[in-house]
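Architecture at a glance
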Amino acid sequence: YTKGAIDVLLDRSTQLLTANGPVPMTPELRAQIQQVNRQQSENGLRVLAFACRRVDAPAVSLEDENDLSFLGLIAMMDPPREESKAAVAECIAAGIRPIMITGDHKITASAIAREIGILTEGTEAAEGSVIDDMTDEELKEFVPKISVYARVSPEHKIRIVRAWQA
């Protein structure tokens with residue numbers, strides 16, 4: 001059994017395990033699952049996907065993370081701390097622009113950032129992958145438009161902070 005980001009586990013799943021047995025993972029089924037994920041994420045819920053695969057050997061390898069049977073999703077509320085909205089408002093009043101950098105899904109991060117006042121009119125959310133091919137100079141010009149960075153890696157965080165510092 002494994003859990004993780006829906007996009008990753010969907011890409012590695014070849015079937016959906018239902019109460020009536022496995023069914024092939026079709027593009028239509030993928031779209032339905034992604035739509036449920038989108039709806040839950042837009043409500044600020046964190047969504048995890050679950051999948052499984054029978055493994056006969058005692059040791060598990062990276063190859064065993066393919067040809068999975070998709071089991072389903074779980075959505076959970078991880079609300080921002082009570083003091084977050086007030087802290088963001090205080091920063092803004094002091095002339096400080098708060099930025100959110102997170103590993104969460106872009107839709108979930110955007111919903112939470114809107115709720116606490118970080119994602120506002122005229123700013124955007126972006127996934128870390130969009131900065132992969134940017135030069136440092138391009139990134140410096142990109143960061144002023146972005147208030148939420150989602151699905152970022154540690155390397156992305158370093159580049160984003162350096163671009164803001166520059």
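Note that the coordinates shown come from a computational prediction; the quantities given were computed from them, not determined experimentally. Positions within a chain are numbered from 1, following the residues in the order the chain's sequence is written. Since the coordinates come from a predicted model, pLDDT governs what is reported: local features require at least 70, and pairs of side-chain atoms require 80 or more to be given and counted, while whole-chain, interface and lining totals use all residues. By convention in this description, side-chain values take in all heavy atoms of the structure and omit both hydrogens and water.

What follows deals with the sheet that holds strand E6 (residues 100–101). For two strands to pair, DSSP has to find at least two bridges joining them. Strands here mean DSSP runs of E at least two residues long; helices mean DSSP runs of H or I at least four residues long; both are numbered from the N terminus. Read across the sheet, 3 strands follow the order E6-E8-E7 without closing on themselves; strand pairing throughout is parallel. At either end of the open sheet lies a strand with only one pairing partner, and these are E6 and strand E7 (124–127). Of the pairings in the sheet, the one linking E6 to strand E8 (residues 146–150) comprises 2 bridges and is parallel in character. Its bridge partner being in E8, Ile101 is matched across the sheet by Tyr149. We call two residues in contact whenever any of their non-hydrogen atoms come within 4.5 Å of each other. Angles shown run from 0 to 180 degrees and are taken between the N-to-C directions of axes, each axis being a line fitted to C-alpha atoms and, for helices, limited to the stretch in contact. With respect to the sheet, helix H4 (residues 106–116) is in contact with E6, E7 and E8, its orientation differing from that of E8 by roughly 140°.

With that settled, the discussion passes to the confidence of the model for the protein. As a per-residue measure, pLDDT tells how confident the predictor is, with possible values from 0 to 100. Per-residue confidence for the protein averages 91 on the pLDDT scale, and 100% of its residues sit at or above 70. Within the protein, no element has a lower average pLDDT than H4, which sits at 90, and none a higher one than E8, at 95.

In this section: the side chain of Ser41. Relative to the helices and strands, Ser41 resides in helix H2 (residues 27–42). Relative accessibility decides the category of a residue: with a 1.4 Å probe and only protein chains considered, values under 20% of the type maximum give buried, values over 50% give exposed, and everything between is partly exposed. Residue Ser41 is classed as buried on the basis of its relative accessible area, which comes to 1%. Any N or O atom pair separated by 3.5 Å or less is treated as a polar contact, with the protein-specific requirement of one donor-capable and one acceptor-capable atom, and with residues adjacent in sequence counted only for side-chain atom pairs. Within the structure, the side chain of Ser41 is placed 3.2 Å from the side chain of Thr108, a separation counted as a polar contact. If we ignore the near neighbours within four places in the chain, the residues touching Ser41 are Val47, His105, Ile107, Thr108 and Ala111.

Right, let's talk about the environment of Val161 for a bit. Mapped onto the secondary structure, Val161 falls in helix H6 (residues 154–165). Judged by relative accessible area, which is 40%, Val161 ranks as partly exposed. Residues Val161 and Val143, spaced 18 residues apart in sequence, show a C-alpha to C-alpha distance of 9.4 Å.

Looking now at the packing of H2 against H4. Put simply, H2 and H4 touch, their axes get as near as 8 Å, and they point 20° apart. In terms of orientation, H2 and H4 fall into the roughly parallel class. The way H2 lies across H4 gives a crossing that is right-handed. The segment H2 lies against H4, with Arg38, Ser41 and Glu42 engaging Ile107, Thr108 and Ala111. Residues are grouped as follows: nonpolar covers Ala, Val, Leu, Ile, Met, Phe, Trp, Tyr, Cys and Pro; charged covers Asp, Glu, Lys and Arg; every other residue, Gly included, is treated as polar. Residues belonging to the contact of H2 with H4 are distributed by class as follows: 2 nonpolar, 2 polar and 2 charged. Put simply, angles under 35 degrees are roughly parallel, angles over 145 are roughly antiparallel, angles from 65 to 115 are roughly perpendicular, and the rest are oblique. Crossings are classed by handedness, with left-handed meaning an anticlockwise turn of the near helix from the far one by less than a right angle and right-handed meaning a clockwise turn.

The subject of this paragraph is the sheet that holds strand E2 (residues 13–18). Judged by pairing direction, the sheet is mixed, and its 5 strands sit side by side in the order E1-E4-E5-E2-E3 without closing on themselves. The sheet is open, and its two edges are formed by strand E1 (2–4) and strand E3 (21–24), each paired on a single side. For this sheet, the mean inter-axis angle between neighbouring strands, taken without regard to orientation, is 40°. Judged from the 8 bridges that link them, strand E4 (residues 45–52) and strand E5 (residues 68–77) form a sheet pairing that is antiparallel. Across the sheet, the residue bridging to Arg46 is Met76, located in E5.

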